[in-house]
Amino acid sequence: MNPLEKLRELGQSVWLDYIRRSLLTGGDLDRLIREDGVRGITANPTIFEKAIAGSDDYDEALCRLVAQDRHADVTSLYEALAVQDIQLATDILRSVYDDADGTDGFVSLEVSPDLAHDTDGTVGEARRLWKDVERPNLMIKVPATAEGIPAIETLIAEGINVNVTLMFSLAHYEAVAAAYVRGLERAANPQHIASVASFFVSRVDTAVDHALEKTGKSAAKTLYGKAAVANAKRAYRRYQELFHGAAFAELRKRGARPQRVLWASTGTKNPAYRDVLYVEELIGPDTVNTMPPATLSAFRDHGRPRTSLSENLNEADATITRLTELGIDLDEVSEQLQREGVEKFAASFETLMKALEEKRRTMQGEQVATATYELGAYESSVRARLERWRTIKFGRRVWDKDPAAWSEENMGELTSRLGWLDLPEAMHDQLDDLSDLADEVRSEGIEHVVLLGMGGSSLAPEVFAKTLGSADGSPSLTVLDTTHPDAVRAVQGQLDHARTLVVVSSKSGTTLETLSLFRAFWDGMGRNAGRHFVAITDPNTPLQRLADDRGFRRVFRAPPDVGGRYSALSVFGLVPAALIGADIHGLLDRAWTMGEASSFCVPETSSPGLQLGAALGELALAGRDKVTFFTSPGLQAFPAWLEQLIAESTGKNGKGIVPVADEPVYPPDGYGADRFFVAFSLDRDASAVVERTLRALEEAGHPVARIRLRDTIDLGQEMFRWELAVAGAGAVLGIHPFNQPDVQLAKDLASKAMSQKRGDVATDRDIASIDDEKRVAALVREWMGSARGGDYVGIQAYLAPNDATTARLQQLRGAIANTRPLATTLGYGPRFLHSTGQLHKGGPDSGLFLQLVDEPVHDVAVPETDFTFGALIRAQAQGDYGALKQRKRRVLRINLGREPLAGIATLIDVLD
C-alpha cells in the first residue's frame, strides 16, 4: 500500500503545502487526491511568491487582470490571483469535503501578514476573503499572535473556518484552543464550522539545536533533533484532553467538531535527519500533516507509517525537562520563533509584491517602449541618483503631488501644475465626446482643420498630424503657429471655407498671436461662421467668453492644473487628434500603461520615466546638457514637441538642458563633450544609418539612449515618459520644472514695440542688412569668436516656415558646425518664444543667438485691430532681441530683406 494512504487509515489526513496554477489546471491535484489520498491544501506568502512570481503559470491571468484595471495595485492583483487559485482548488477538493461530511477537503488562504498584530484588520480581511472565495471548504489562515487570538474567536463565532497558524508552544496551543471553544459557544450553528491548529515543527528543532550547540556541553548532543517532536507530542496530548473529555462534551452534543492539530513546517531542514522525520514521528488520529511536495514524495517512497504520537510520551516530557536543565527555555524559544515567523511571512509577502510588480511591469514591458542606456562613465552617477530617489521615495512624492519632491522651500505653482499625472485615466471619460465631434464633422463634409495656437497648444497636434496622419475619410490638419504674413496668406489661400473647421487653442485665452489669427480667419468665414469654429481653453478665460459670444460650435475646457507643455494628453492634444481620426483611446491607453509602469508603487530604480529623468539630470550636471535627438523617418516630428517640454521646463535660474532636434548628422569628432544622444526608432522603419551612427558615438565615449516604439500610437506613452522624466530632471537640477518666469519679458517688450515705445526695444541700428556683406562678415566673425566650449548656437528665424526655407536653414546649421563644433538649434519665430525662448533667456549663458528677419512683400491686416501681421511679427522679433540683450546674451540680428533664401545663402558663404 502507498504509505500516504496508510496514514489515512491511521486517522491522519495528508494535506499538500503547495499551490500553483498548473497544479490545479494540469490535473496533478486530481492525481494526488486519487493516488496519494491528499485531502487538503495549505498555502502561504512564500508559496505564492514562488508560484506567482517564479513561473509563467499566472501570466495569462495577470494580463487579463491588468487589462481590466490598469490602476490595480499589486496587493489587489495578488488577491485576485490567489482567490482564483483557491476557488479552483476548493472546487477540485469539494468531493473530498462532501465525502468527509465537512471534516476534510479544505484549502487555506492567509490574511495579509501585515495584519498579524491588528485584530480588527484581521477580522475585516478574513470576512472579505471568505465572501470573495465563497466556498464552504475554505479556511482562512490567522496567526496565533496575541492580537490574532480574539480574531479567531470572532471568526469562528461567525461561522468562518479558520486555520490557525504560527503556533510553536504549548502556551500558544492552549490560547488557540480556548479561542476556538469560545467561538463555538457563540456560534449559531457550530456543526458547520471546521478549524485546524497549525503547530510548527522543524523550526523548533532548528532553533533549539542551535541553542544546544551554543551551550558547549556534551550532554546537549543527545538532544539534537528531539525537541520538536517532544513539543508536538505534548500539544497533541493536550488536544486529546481538551476535545475528547468532559470539557467539550456539551459542544459535541451540538454537533461541534474538535479543532484538529495540523503539523506544519514538516520538511526536514537538517540534512543529518531522516527526510520524513516530521511525518513518521507525528502520526495519530484526528491530525493533519501538511507536507511540501518533496516530503510528500519522500514519504510515498520510503515512509514507515505507524501511530507514533502515543509512543514514548514520558521520553518527550524528559526531553523538555533536560532542555530546561541546560538553560534552554522552550517557551522563550517559541515566542521568538513566532515573532520571526510573522516577520518572515511579512518579508515573503513584500517579496511577493515586488516580484508581482516586476512581473506586471515585464508584461507591460511588451507594451512599454523599450529604453536602453549606454552611459559609460556616467552610469554610476545615474544609478546613485535613482538609489537616492528610492531611499526618499521620490516617485511617491511626485504622485502625491508633494512640492518637497523638488524643493523644501515654497516655489509656488508646483502642486497646481501636476494634473498631467492623472490625464491618462481622467481623459478617458471625455473620449466619447471627442469622438462624437469627429463623427459630426466628417458627416458634414469637413475636409480641412486649421489649428490656431502657440507652444503647448500647437506642438502636440502638429506631432499627431505629421506622425499619425489623417484616417480615411477624416479631414487633414494644418497647424498655424506663426504670425508671418506670408504664412497666414498661404494657409488662407489653400482653404475652402465651407469645408474648413478652425480650432482656436489657447490655455490662457489671451495669447496675442492666437487671437490675431482667429480674427483673420473669422473675417473670411461669412454667415454662420460660428459653426466653423471650436475653442480649446481653460475654464472662464476670455477665449471661452469670445466663443460663447460668437456662437462657436464647441468649447472644450482643459484642466487648469495642467501646464501648456504638459497638455498633450488633454483636450489640447486629443481634440485635434480625434478630428483627424487618430486612435485617441490607444494613445491614452499607452500613456496609462507608461504611467502604471512608473507609478507611485514602482521602485524608482525600475521606473521608466524616472530612469530617463535621472539620466537627463545627472548628465546635465556633468556638462552633457545638449540632449540630441535622432529618429527613424516615421518619428521625425516628435522632437519638436520635446523641445518645448525640455527647454521651457529646465531653462531657468541659469540652468537648463538644451534640446537639439533635426540637426545634421556629423561624424563622432564633430560633436563636443557636451552631448547626450537619444534615438527613437519605430519597429517598422528602424534606420540602419542611425544605428551605425549611434555605435560610432558610443565608441567615441558619448552617452546614448535608444527608445524603440512598436508603432506610432506609442507616442502616448513616450509623451508621458518624457513628462515624468523632465519633471525628475528638474529635481536633479534644483529648479521649478512647471513655471516659465522669463517668457513674459519678451511679450512685454513686444507690446512696447507695437505701441512704438522704445526703452530697451531694438531699433534699426541693431540690425545688419544682408546687403552689407562686409559688415555682416565682420559681425559674424565677432559673434562666432565669442563662442566657448559647451556653447550652442540658436537660430531664431522670424521667417515664413516652409520646406524651402527650412532646407536652407539646415544648410546654415551645417556651415556653423563646420566653423566650430557647436550644437545648433533652429526655431521659427514667434513660435519658439513659447517653446525654447524660456531657455534662451533663463537658462545658462551658453547660447549664441542669430535672429533672422525679412521684409514681407505683402502684409496682411489683422481684422478688428489697427495693426498688421507684419507689424506684429516685427515687434515680436524686436521684443525678443531686447529681452536677450537685457539678459546680456550674445545675439546677432540680420535682416535678410525681401529674398530670405538668397540672404541665407549669403550667410552660408560668409561662414565658409
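Remember, it's a predicted structure, so these values are computed and weren't measured experimentally.

Asks: Help me out: how do you make sense of the packing of aromatic side chains in this one?
Replies: The way to describe two aromatic rings as a pair is by their centre distance and the angle between their planes. Following the criterion strictly, the structure yields 33 aromatic pairs and no others. Ring geometry for W15 versus F106: centroids 6.5 Å apart, planes at 50°, classification tilted. Highlighted residues: W15 in strand β1 (residues 12-17) and F106 in strand β3 (residues 106-110), separated in sequence by 91 residues. Judged by relative accessible area, F106 falls into the buried class, the value being 1%. Ring geometry for F518 against F533: centres 5.6 Å apart, planes inclined by 80°, an arrangement best described as edge-to-face. Residue F518 is found in helix α23 (residues 512-523), and its partner F533 is found in strand β13 (residues 533-537); the two are separated by 15 residues along the sequence. Each residue in the set W389, F394, W399, W406, W420, Y566, F720 and F738 is aromatic and connected to the rest through ring pairs, giving one cluster. For R550, the ring lying beneath its charged end belongs to W522, and the centroid distance is 5.3 Å.

Asks: Any chance you could explain unusual backbone geometry here in plain terms?
Replies: Excluding glycine, a negative phi dihedral is what most residues carry, and trans is how most peptide bonds are arranged. Put simply, G829 and P830 share a cis peptide bond, and its omega is 5°. Structurally, P830 can be placed in the loop between β21 (823-828) and α34 (837-842). In this structure, D662 takes a positive phi of about 60° despite not being glycine. Along the polypeptide, D662 turns up in the loop between β16 (658-660) and β17 (675-682). Under the relative-accessibility criterion, D662 is labelled partly exposed at 37%.

Asks: Any chance you could explain the packing of helix α20 (residues 431-443) against helix α26 (residues 584-597) here in plain terms?
Replies: How two helices pack is summed up by the angle between their axes together with the distance between the axes. Two numbers describe how α20 lies on α26: the axes approach to 10 Å, and their chain directions differ by 155°. Of the possible angle classes, the one that applies to α20 and α26 is roughly antiparallel. Like other packed secondary-structure pairs, α20 and α26 cross with a definite hand, here right-handed. Only I584, H585 and L588 of α26 make contact with α20, whose side of the interface consists of L431, D432, L434 and S435. Per-class residue counts for the contact of α20 with α26 are 4 nonpolar, 2 polar and 1 charged.

Asks: I tried to follow the side chain of R39 on my own but got confused; where do I start?
Replies: Position of R39 among the secondary structure elements: in strand β2 (residues 38-42). The class for R39 is buried, based on a relative accessible area of 11%.

Asks: Honestly, the nonpolar core in this entry has me stumped. Any pointers?
Replies: Counting residues in hydrophobic clusters, the biggest one holds 121 residues, and the most contacted among them are I41, Y78, L109, Y173 and W263. Counting residues in each nonpolar core, the second largest holds 93 residues, with L418, V463, V479 and A577 among its members.

Asks: Help me understand the sheet that holds strand β10 (residues 448-452), please; the structure alone is not making it clear to me.
Replies: As a general point, the strands of a sheet are linked pairwise by backbone hydrogen bonds and lie either parallel or antiparallel. Read from one edge of the open sheet, 5 strands run β11-β10-β12-β13-β14, paired in parallel fashion. Each of the sheet's edge strands pairs with one partner strand only, and the pair in question is β11 (476-480) and β14 (554-557). Between one strand and the next, the sheet's axes are offset by a mean angle of 20°, whatever the strand orientation. Summarising the sheet, β10 and strand β12 (residues 500-505) pair through 5 bridges and their orientation is parallel. If you follow L451 over to β12, its bridge partner there is V503.

Asks: Hey, could you run me through the packing of helix α27 (residues 608-621) against helix α30 (residues 715-733) in this one?
Replies: Axis separation between α27 and α30 bottoms out at 7 Å; the angle between their running directions is 40°. Between α27 and α30, the angle falls in the class oblique. Seen from above, α27 lies across α30 with right-handed handedness. Touching P608, G609, L610, L612, G613, L616, G617, E618, A620 and L621 of α27 are R721, W722, L724, A725, G728, A729, V732 and L733, all from α30. When grouped by side-chain class, the residues that make up the contact of α27 with α30 number 12 nonpolar, 4 polar and 2 charged.

Asks: Any chance you could explain the pattern of salt bridges here in plain terms?
Replies: Close approach of charged atoms allows side chains of opposite charge to pair. Here the structure, examined in full by the defined rule, presents 59 salt bridges. D422 is the partner of K401 in a salt bridge, and the nearest nitrogen-oxygen pair spans 2.6 Å. Of the two residues, K401 sits in the loop between α18 (394-399) and α19 (423-426) while D422 sits in the loop between α18 and α19, which places them 21 residues apart along the sequence. As a salt-bridge pair, R708 and D683 come within 2.9 Å of each other at their nearest N and O atoms. Of this pair, R708 sits in strand β18 (residues 704-709) while D683 sits in the loop between β17 and α29 (688-699), placing them 25 residues apart in sequence.

The rules behind each value
Residues numbered from 1 in each chain as written. Predicted model: local features only at pLDDT ≥ 70, side-chain atom pairs only at ≥ 80, totals over all residues. Heavy atoms only, no water. Phe/Tyr/Trp six-rings, centres within 6.5 Å; stacked < 30°, edge-to-face > 60°. Helix = DSSP H or I, 4+ residues; strand = E, 2+ residues; numbered from the N terminus. Buried < 20%, exposed > 50% of the residue type's maximum accessible area, 1.4 Å probe, protein only. Lys NZ or Arg CZ within 6 Å of the ring centre and 35° of its normal. Axes fitted to C-alpha atoms, helices over the stretch in contact; angles between N-to-C directions. Parallel < 35°, antiparallel > 145°, perpendicular 65-115°, else oblique. Left-handed = near helix turned anticlockwise from the far one by under 90°. Contact = heavy atoms within 4.5 Å. Nonpolar A, V, L, I, M, F, W, Y, C, P; charged D, E, K, R; others polar. Core = buried A, V, L, I, M, F, W, Y, C linked by side-chain atoms within 4.5 Å. Pairing = 2+ DSSP bridges. Salt bridge = Lys/Arg side-chain N within 4 Å of Asp/Glu carboxyl O.

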